Amino acid sequence: MNHLLEIKDLNVIFHIFGADVQAVRGISLQLNKGETLAIVGESGSGKSVTSKAVMGLIPNPPGEIATGEILFEGRDLVKYSKKQMQKVRGKEISMIFQDPMTALNPTMKIGKQIMEGLIKHQSLSKHDAKKRAIELLQLVGIPNPEKRVDEYPHQFSGGMRQRVVIAIALACNPKILIADEPTTALDVTIQAQILDLMRDLQEKTGTAIILITHDLGVVANLAQRVAVMYGGKIVETGTLDEIFYNPKHPYTWGLLSSMPKLHAKTDKLLAIPGTPPDLSNPPKGCPFAPRCPHAMKVCTEHMPAYTELSATQKAACWLLDERAPKVDPPTTIGVGGES
Amino acid sequence: MIRYILKRVGYMIVTFYVVITLTFLAMKMLPGTPFKFANRLSPEQLNQLKHYYGLDQPIPIQYLHYLWNFIHGNLGGSFQYGMQPVTEFLFQRFPISLQLGFESMIFGTVLGIFLGIVSGIYRGRFLDWGTVTLAVVFISIPSFIFAAILQYFFSVQIRIFPVIGWSGPMTHVLPVVSIGVGVMATIARFMRTEMVEVLNQDYIVTAQAKGLSTNAVIFRHAIRNAMIPIVTVIGPLTSAVVTGSLVIENIFAIPGIGSQFVDAIVTNDYPMIMGTTELYAGLFIVTILIVDVLYGVIDPRIRVSGGKSI
Amino acid sequence: MTAKSNAEVTKELFVPAYLSDTESEKISGKSVSAWKDALRRFLTNKGAMLSMIILTVIILLALIGPHIFGYDIDNQDVSRANLPPKIEGLTWLPAFSGYENGVDIYKEKNISKNYWFGTDQFGRDLWTRTWKGTQISLIIALIATLADVLIGVVYGGVSGYFGGAVDNALQRILEVIAGIPSLVWIILLILIMQPGLITITIAILATSWLSMARIVRGEMLKLKNQEFVLASRTLGAGDGRIIFKHLIPNSLGMIIINTMFSVPNAIFFEAFLSFIGLGIRQPQASLGSLINDGYQMLQIHPYQTLYPGIIISLLLICFNIMGDGLRDAFDPKLRR
Amino acid sequence: MAEQREKLLQVKNLKKYFNVSRHDVLKAVDGVTFDVYKGETLGLVGESGCGKSTTGRTIIRLYDPTEGEVIFDDQDVGGKLNHSDKKKLSKRMQMIFQDPYASLNPRMMVKDIIAEGLDIHHLAKSPKERMERVYEMLETVGLNREHANRYPHEFSGGQRQRIGIARALAVDPDFIIADEPISALDVSIQAQVVNLLQELQEKQGLTYLFIAHDLSMVKHISDRVGVMYLGNMAELATSDEVYEHPLHPYTQSLLSAIPVADPKIERSRERIILEGDVPSPIDPPSGCRFRTRCPFAMDVCAKVRPKWHEVEEGHWVACHLHDEEMKTEKA
Amino acid sequence: GSSSSKDSEKGSSSELAKDQTLTMSINADIPTLDPNLATDTTSTNAIEMTEAGLTRMHDNKFEWDLAKGAPKVSADKKTYTFTLRDAKWSDGKPITAQDFVYGWQRQNDPKAKPAYNFLFASVGIKNAAKIEDSTNKAFYGKYEKLGVKALDDKTLQVTLEQAAPPFFYSILSQPQFMPQREDFVKKQGNKYATSTDTLLYSGPFVLSKWEKGTGWTYKKNKDYWNAKSTKLQTVNFKVVKETGTAINMYKTGQSDIVQLSAEFIDQFKKQYPKEIQTATNPGTYYLYINEKTNKYLKNLNLRKALNAAIDRQGLTSAILNDGSVPSNYVVPKNFVNGPDGKDFRSKHPDGFSAGEASEAKTYWNKAKKELGIKTLKINFLSQDTSKAKQIDAYVANQIKKNLPGVTVDVNEQPWANYLKLNNEFKYDIAFSGWFPDYQDPMTYLDMWTTGNPMNTIGWSNKKFDGLIKDAQTDTADTTKRWNDLVSAEELMMSEYPIVPLFQQGYTWSQKSYVKGYSQPSYGPEFDFAKAYILKH
Ligand SMILES: Nc1ncnc2c1ncn2[C@@H]1O[C@H](COP(=O)(O)OP(=O)(O)OP(=O)(O)O)[C@@H](O)[C@H]1O
Ligand SMILES: Nc1ncnc2c1ncn2[C@@H]1O[C@H](COP(=O)(O)OP(=O)(O)OP(=O)(O)O)[C@@H](O)[C@H]1O
Ligand SMILES: [Mg+2]
Ligand SMILES: [Mg+2]
């Protein structure tokens, strides 16, 4: 196997208030060198938990990785000790969080926050680390970096903070960068700056990116492959084009058709009715069944298996079973129709 | 920042002025005469004494007089000590109380922070449970009872520490502990809450994601942030320390301002009550000011903008 | 996951399932208000529950305790002075044996009646006095706290709700008041008034409302710009409605929590005042004055301080733990 | 088409300043002019902090305007209003809020939340009528009768937002200001709410001021769109016009910055990426507010504040590039 | 201090210890050492230990101190000429008769704010009463007219208004009658007697350290004329306000003498039976009964009822328990002997009891009938000290218990307000006490005369006034004077204008190696002038 990262049948459970929240239920994923994999899905579908599991940062208590493997270059990170994991974090795999306003320590100088990882992983001297920190700030496009290394986060604007967070994540040239909603808290114009920056950086460093978002626009902009999550499961994966132009899962349909099109006229959005499932008491069958307009009896009883649709695309839906009635995707997703 | 400090100093002066006025008025409202031997004095003698102390003048005049003297550092003479200047007593005894308070504060704060950190880190585990219980118990036991028990145990039974005094380091232990445990408990409780709060912050996860060791995360990121709000409790805690020292000084016969104050109250030594009150108030006000300014100094978010928004 | 046996999946299952709109909007479970939710959380907090039980017991004893033996608080009889505690069935316990330093004092003084908490130097039954004292302490705490809540809530509420110049003025005043240490306030007050229940209450009051006012103001400032309040405003609601329907119910949690911490503060301060001789007047007793009286005897007749001491500590501990419990129960962060 | 239509709301040179400290005035809205026609949806977009919410809140009189006129149905509602005037206004003008979690009082039952307007305006003659109306509202927004006796925290975000809509609708208003009603919701849920709003508009002839920063959604729902930047209106036109022929450089860059959920378009798109961040409204740039980030900034932009004028019928813009006078001056 | 931690019993040898240091704890600071201002026992004691007068009290008897011996008395017994010893101030200068004259005059100079100048009038020093009397224009403040003169450096002549009363020589030991040196007093000005070096010493000890709030230390005064009788080299006083703390110090050997409060006495009796000491002192405590403004209390039966209602034995044994004894009298026991050498109390050793509690009810019933009342509310004024509070609780309870229908409202006030209310007759009964100014029954009796400012009970009896007047003026016939005083007390107590409660006692504990220490009933409160420490 030459995947950079491979997640196999990952299950994560949170024990809270007498209930067990099954946040992630048997996820399998692969990530290759240099590619960008987007994970999209409903809020609470387990996107962040999956990424935290990779980082070994599931808070325990209340959370735990119940079963599964996370193979990084063939080694199972789940079995890693705390110490071993610390060597991976920040060095091999690093992470950017959603809210740049809270992701930085308010009482520590920007420079120092960047230097910490460098000193830890690359054993740089303080002086060299600082030099590198300035370089990194320059790299992420912060003007006047010599001066700004000695400033505190509150002196930076949101967009700049997010750049700093990216600089921290990239400090040690990680092989994988996990970006958990890196632009959700930002304005569109700033978001565009950040997305540009990430693309540039990836080109330069060849880092593989796991991009978590629920903004399909961002996905279209940045990703090569997409995994769609729902109710703690991956319901569909494929290349960017496969997912956008040839989606097979009704949830993906719903997702695509509920977005208005900027460049096309849509009369009515296709809403997905209802609310996401309660993961402390997940449905027996397909998690999407209660909201699925094409739901069949089987859907509420049995979890569908993945159907390999192409070398790169697969989906878990009973509609893909040969016994199922043929259902056409709604026309509203017809972005491919090219207006 | 400078403007902020100036503004605070302004309030401080107003507050202090109110204190002076209030204490003055309170003294005027006190029933009875200040002269201990009034019963043995003829009315004539009494009037003479009143004249001597300026007590026969109308109250507004007395008030202005008092303010005037106050500005010139004259707080009057102590009735119980043959009119010796009150300031002399304050100068003599205040440093001792200050030292006691300071040591108690240090003891309580350091230990409290430590316990709070431990408790916050091991949230929900046995250590946490133990610390929280300890804190609640120490907050709940009046310091004088604690002091009496300590004295009986360590000075009379085991005889490690002297019963009274304020000379060698050994004499400091029991009083400082008696007052300090309360401080410790309060700080520990507060620190724990802050620690738990901080450990849930995103930047802690960021730090972990950098691959820092648990110790580095806790020491470099969590503790500092958790400690910033601690500064704000120090102001009110001074009050607690002062209250504590009031009785503790008596129990350990420490010649501080606290025992003096109690005496003054019991003997109606008005100038002394006023002087001590003003001193306490001054101390308290200055502490709050320092704490507020300090808060700005430690927290970079406040440093530039000046002043914290409450 | 992929290797799912298809055996049980029969063709018949591949028919559309009827899905109603109402179905997808259904909420299972019984309706719970935020109050009930907090209560539920509080009830599962073992420490807080235990504290509440202990408090209830103490309060009950404070109510009935003084009547058990038919003594009043000033029932002196020096012939039975300084008797150690003795309880008939519990004489095997050293604490209730009626012995002091190995001597059966009851026998020595030829007394047949049992005094559960012993007697003081006046021969007054300490059981009666202790519970009566608990009553007084609780009453002081209660009055002080109630008034504290009222003053604090009104002051903070007005300041926070009306904001602007009103807030500015009130805050400056508050700042000045808070600049004066509470001890100074209290001592000045006690000096000019007659010591006693009312004075103590007023004295405690004079300073204790400050924290309540601050907290309520903070809550008001936070809440009044919350969208649900704005929504009510856009619906044309007046100040009264906003205050009573929206602001107060939502700050009640904080108010209750703060009250839980005010009660022990009041009790504690009363004890402190008693200790420096500014407390309740004889023959009335409060826990603080009992401790102060007994304190002189601590080395000789420790039981005279012990029981009031235990009760006061229990009260303080329980109120504190309950306060903590309530804080947790109301903490929105802990809510799912 | 706009000409014949009746103006429901006219906003003229509206300003709202906040005194953030003794020395600083924050100019959240600094002279905004626009009309809203009966039955239409006017979208308002712009970056965070540009004054969209403030505009909405000032119109509905949550804030008192610092300056300017607000004429609602030929009545000036921008001046000093007493409580009963405000109350009257509130029956006709309503608001839907952004945060579905913060906008419902957690201590009140859904029925009391929805009926609050009825209670305030005494619109229900009996408790029974009140309940009837609550049920009606619940059903209108696609919820069940059983939901009336529940508390907000038991609902999901989309459901809560619908409760907020029901509350606004209960007093039967003509005009609704929707302040980012969907930005806190999941993508799949957003459509529920948007569809609901559109349905209601069709059925009840409502007029909306729809505030959002998601341009695609604004375009979808709005008849006309106004673009705000730093307290000023930059451009206003029909939505197609704005999206197809944006005149203001800010509008152009805003449009190019939005990632489109279509890989092909994304791959081929040219972007105008703006440098830097939005300046502070406390100390805004002189002249044109946008000049500090504008790729086409001229000298005049720093000196003269661009005029808000109609370049084409129904297409308003405030930019020197499109001001004939300035153009000639430059030449 | 002599800090042997063994509470040794072997101190039975009579060999002196090498280290003659005595350490005591005390609950009050020295307020002032200026004999003009000193009013409290601590100051007085300190002055008596560090200064010398013409006489010195020891074991309740006076000894000649700076006076070489008995003075020459003139025939009319009005002029007394003392010859002074060769003695020195602590700065080496001799103590002269002029120093006495200055000291006495300063005590009569209103500007020097003397607190106890009335003592000069009480003894009958010539013109003292007039100098004190502010209505007397010719004399007021003219202290140079006082009947005291230095004939030469070593001869002091004192002139009295009449023959000297019996307490003349004993009162000369009091601080008010001690010498003060003019040049020194003037040089120190306001600072006089406020610290160790702003004071000159003439007595057995000098004050070597005086730390306010902590305590003070005496060192033996080598220049004292009688230094050979002073054995102690050092005496430490430590200010300790909490009795418990003081006890702990004693138990751990950190002090040699400790004053015991009631609570600790039983324990000490058991634990340290050989060390515990008891003595009565002349402090008497009683209740004032307000006859001036309370019409009910003018009724004799009611007053008797109050007197009989209180079980004083219970008070002294259970509440006070410190050696105090019940009293039914005005002049205390063991305080002063008459010309016959017998104690004043010898005629009525147990005083004038109104009877038991049962009799109280009888009186009360009579009073009720006479007054036509069923119930009575009594406002009981007292002080807010902790000791007074205990007594109040007991007394109030006794009255309530034994006089059914009487309710007592205790009003505990700080000293100053207590005095004010007392002087304004705003009370029904009030707790009060008296310490003697001089060693004579008169100090307990003259204040009850009509019009005396100290008479704050409103009781007035012409015959009593007459007897006191006689005793005051007719000082030459000591036996008649004595009998007058005895009759005066009898007369007073037949009307029960006050409710005597108890005569105070002291209980203290002293380590068995401390000898020669006493707490006499008149004179120094703690007399360690001749104390010494045995080897232990
Ligand atoms: N620390 C935690 N304790 C308890 N439950 C948790 C915790 N973290 C996550 N969960 C639960 O796990 C589930 C998945 O959460 P996750 O954060 O992965 O969602 P997400 O897909 O990232 O959603 P969003 O888009 O809102 O970020 C949720 O139901 C959440 O309640
Ligand atoms: N009550 C207030 N007091 C002071 N400043 C305010 C107040 N309300 C808003 N502001 C400021 O006014 C400016 C405009 O705010 P407004 O909320 O209208 O922006 P917005 O366009 O709605 O932004 P967002 O998209 O973030 O909601 C901001 O800088 C904001 O900080
Ligand atoms: Mg997430
Ligand atoms: Mg907004």
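Keep in mind the model is a prediction, meaning the values are calculated, not measured. (Residues numbered from 1 in each chain as written. Chains lettered and ligands numbered in written order. Predicted model: local features only at pLDDT ≥ 70, side-chain atom pairs only at ≥ 80, totals over all residues. Heavy atoms only, no water.)

## A closer look at the overall build of chain A
Counting its regular elements, chain A contains 11 helices and 12 strands. Against the compact-globule benchmark of 20 Å for 339 residues, chain A has a radius of gyration of 21 Å, which places it among compact chains. Principal-axis analysis of the C-alpha atoms places the extent of chain A at approximately 65 × 45 × 40 Å. When each of the 339 residues of chain A is scored for burial, the buried share is 60%. Nonlocal contacts in chain A, meaning residues at least 24 apart in sequence, comprise 65% of its contacts between residues at least 6 apart. In the structure as shown, chain A presents an accessible area of about 12,600 Å², 51% of it carried by carbon and sulfur atoms. Distance between charge centroids for chain A: 6 Å, based on 38 positive and 35 negative side chains. (Helix = DSSP H or I, 4+ residues; strand = E, 2+ residues; numbered from the N terminus. Rg over C-alpha atoms; globule rule 2.2 N^0.38 Å. Buried < 20%, exposed > 50% of the residue type's maximum accessible area, 1.4 Å probe, protein only. Contact = heavy atoms within 4.5 Å. Areas by Shrake-Rupley, 256 points an atom, 1.4 Å probe, with all protein chains shown as cover. Lys, Arg positive; Asp, Glu negative; His and termini not counted. Charge placed at Lys NZ, Arg CZ, Asp CG, Glu CD.)

## So, a nonpolar patch on the surface
Residues and elements named next belong to chain B. Judged by side-chain polarity, Phe153, Ile158, Ile160 and Met170 come together as a nonpolar surface patch covering roughly 370 Å² of accessible area. Of note, Ile160 is situated in the loop between helix 6 (143–157) and helix 7 (169–199). Its relative accessible area of 42% is what places Ile160 among the partly exposed residues. (Patch = residues over 30% accessible without salt bridge, like charges linked within 9 Å, V, L, I, M, F, W, Y side chains within 5 Å. Salt bridge = Lys/Arg side-chain N within 4 Å of Asp/Glu carboxyl O.)

## Quick word on the interface of chain A and chain D
Listed per partner, the contact involves 46 residues of chain A and 41 residues of chain D. Interface area, chain A with chain D, both sides summed: about 3,600 Å², of which 57% is carbon and sulfur. At the boundary of chain A with chain D, the tally comes to 1 salt bridge. Two residues, Asp241 of chain A and Arg267 of chain D, come together in a salt bridge whose shortest N-O distance is 2.5 Å. (Buried area = accessible area lost by both parts, 1.4 Å probe.)

## Notes on empty space enclosed by the protein
On inspection of all chains with the given rule, the structure shows 13 cavities of 30 Å³ or more. In terms of lining residues, the largest cavity is bounded by Ala148 and Gln151 of chain B, Tyr295, Gln296, Met297, Leu298 and Gln299 of chain C together with Glu242, Gly244, Thr245, Asn248 and Phe264 of chain E. Sorting the residues of the lining of the largest cavity by element identifies helix 6 of chain B together with helix 7 (243–251) of chain E as the ones contributing at least two each. Tallying contributions element by element places helix 7 of chain E first for the lining of the largest cavity, with 3 residues. Classifying every residue of the lining of the largest cavity gives 5 nonpolar, 6 polar and 1 charged. As a volume, the second largest cavity reaches approximately 90 Å³. (1 Å grid on protein atoms, 1.4 Å probe; cavity = no way out; pocket = protein on both sides within 12 Å on 5 of 7 lines; lining within 4 Å. Points joined across faces, edges and corners; volume = space filled by probe spheres on them. Nonpolar A, V, L, I, M, F, W, Y, C, P; charged D, E, K, R; others polar.)

## Observations concerning helix 6 (residues 164–179) of chain C
Each α-helix winds once per 3.6 residues, and so residues spaced three or four apart point in a common direction. In a regular helix each residue adds 1.5 Å, so 16 residues correspond to 22 Å; helix 6 of chain C covers 22 Å between its end C-alpha atoms and thus fits that length. Residues of helix 6 of chain C that are buried include every one of Asp167, Leu170, Gln171, Leu174, Val176, Ile177, Ala178 and Gly179 of chain C, and no others. Looking at the buried side of helix 6 of chain C, the elements it contacts are helix 1 (2–29) and helix 12 (270–298) of chain B together with helix 5 (126–162), helix 7 (182–192) and helix 8 (197–224) of chain C. (Expected span 1.5 Å × (residues − 1).)

## Some points on unusual backbone geometry
Residues and elements named next belong to chain D. The phi dihedral of Asp73 is positive, around 55°, even though this residue is not glycine. Position of Asp73 relative to the elements: it lies in the loop between strand 4 (67–72) and strand 5 (75–76). Among the residues examined, Asp73 registers a relative accessible area of 22% and is labelled partly exposed. Positive phi, normally seen in glycine, also occurs at His122, with a value near 50°.

## Some thoughts on the arrangement of the chains
If you rank the 8 pairs of chains in contact by how many contacts each has, first place goes to chains A and D. Of all C-alpha pairs spanning chain A and chain E, none lies closer than 46 Å, and the two are not in contact.

## Some details on the site of ligand 1
Residues and elements named next belong to chain A. Around ligand 1 lies a shell of 14 residues, among which Ser43, Gly44, Lys47, Ser48 and Val49 are the nearest. Within the contact set of ligand 1, an oxygen atom lies 2.5 Å away from a side-chain nitrogen or oxygen of Ser48. For ligand 1, an oxygen atom lies 3.1 Å from a polar atom in the side chain of Glu181. Protein contacts shield 69% of the accessible area of ligand 1, which totals 630 Å² for the unbound molecule. (Near = heavy atom within 4 Å. Polar contact = N/O pair within 3.5 Å; in protein donor to acceptor, adjacent residues only side chain to side chain.)

## Remarks on the pattern of salt bridges
Across all of its chains, the model carries 62 salt bridges over all chains by this definition. The closest approach of N and O atoms between Arg130 of chain D and Asp119 of chain D, which form a salt bridge, is 2.9 Å. Here Arg130 of chain D is found in helix 4 (residues 127–140), whereas its partner Asp119 of chain D is found in helix 3 (residues 110–121), with 11 residues between them in sequence. Several salt bridges share partner residues, and in doing so they unite Arg241 of chain C together with Asp112, Glu116, Asp119 and Arg130 of chain D into one network.

## Looking at the sheet that holds strand 11 (residues 306–308) of chain A
Sheet strands line up and pair through hydrogen bonds in the backbone, either parallel or antiparallel. Residue and element names in this part refer to chain A. Here 8 strands make up an open sheet; going across it, the order is 6-7-8-3-9-10-12-11 and the pairing mixed. Each end of this open sheet is capped by a strand with a single partner; those strands are strand 6 (93–96) and strand 11. Each strand of the sheet is rotated relative to its neighbour by a mean of 20°, with strand direction disregarded. Where strand 6 and strand 7 (residues 176–180) come together, 4 bridges link them in parallel fashion. The residue bridging Ile96 from the neighbouring strand is Ala179, located in strand 7. (Pairing = 2+ DSSP bridges. Axes fitted to C-alpha atoms, helices over the stretch in contact; angles between N-to-C directions.)

## Let's talk about the packing of aromatic side chains
Residue and element names in this part refer to chain B. Taken as a whole and judged by the stated rule, the model has 65 aromatic pairs over all chains. For the pair Phe24 and Tyr66, a centre-to-centre distance of 5.7 Å together with 35° between the ring planes defines the contact as tilted. Here Phe24 is found in helix 1, whereas its partner Tyr66 is found in helix 3 (residues 59–71), with 42 residues between them in sequence. Given a relative accessible area of 9%, Tyr66 falls into the buried group. (Phe/Tyr/Trp six-rings, centres within 6.5 Å; stacked < 30°, edge-to-face > 60°.)

## Describing the packing of helix 11 (residues 287–295) of chain C against helix 12 (residues 303–330) of chain C
All names here are of chain C. Relative to each other, helix 11 and helix 12 sit at 145°, their axes nearing to 8 Å. Crossing geometry of helix 11 relative to helix 12 is assigned as left-handed. Each of Leu287, Leu290, Ile291, Gly294 and Tyr295 in helix 11 lies in contact with helix 12, whose residues at this interface are Gln304, Thr305, Pro308, Gly309, Ile311, Ile312 and Leu315. (Left-handed = near helix turned anticlockwise from the far one by under 90°.)

## Describing the pairing of strand 1 (residues 5–16) of chain A
Residues and elements named next belong to chain A. Examined bridge by bridge, strand 1 and strand 2 (residues 19–31) share 10 bridges and lie antiparallel to one another. Each bridged residue has a counterpart across the sheet, and for Asn11 the counterpart in strand 2 is Arg25. Direction of pairing for strand 1 relative to strand 4 (residues 63–72): antiparallel, over a ladder of 8 bridges. Looking across to strand 4, one finds that Ile7 is bridged to Ile70.

## Looking at the site of ligand 2
All names here are of chain D. Ligand 2 sits among 14 residues. The nearest are Ser48, Gly49, Lys52, Ser53 and Thr54. At a separation of 2.4 Å, an oxygen atom of ligand 2 approaches a polar side-chain atom of Thr54. A distance of 3.0 Å separates an oxygen atom of ligand 2 from a polar side-chain atom of Glu180. Taking 630 Å² as the accessible area of ligand 2 by itself, protein coverage stands at 68%. Where the shell around ligand 2 is concerned, the elements lending two or more residues are strand 2 (25–37) and helix 1 (52–59).

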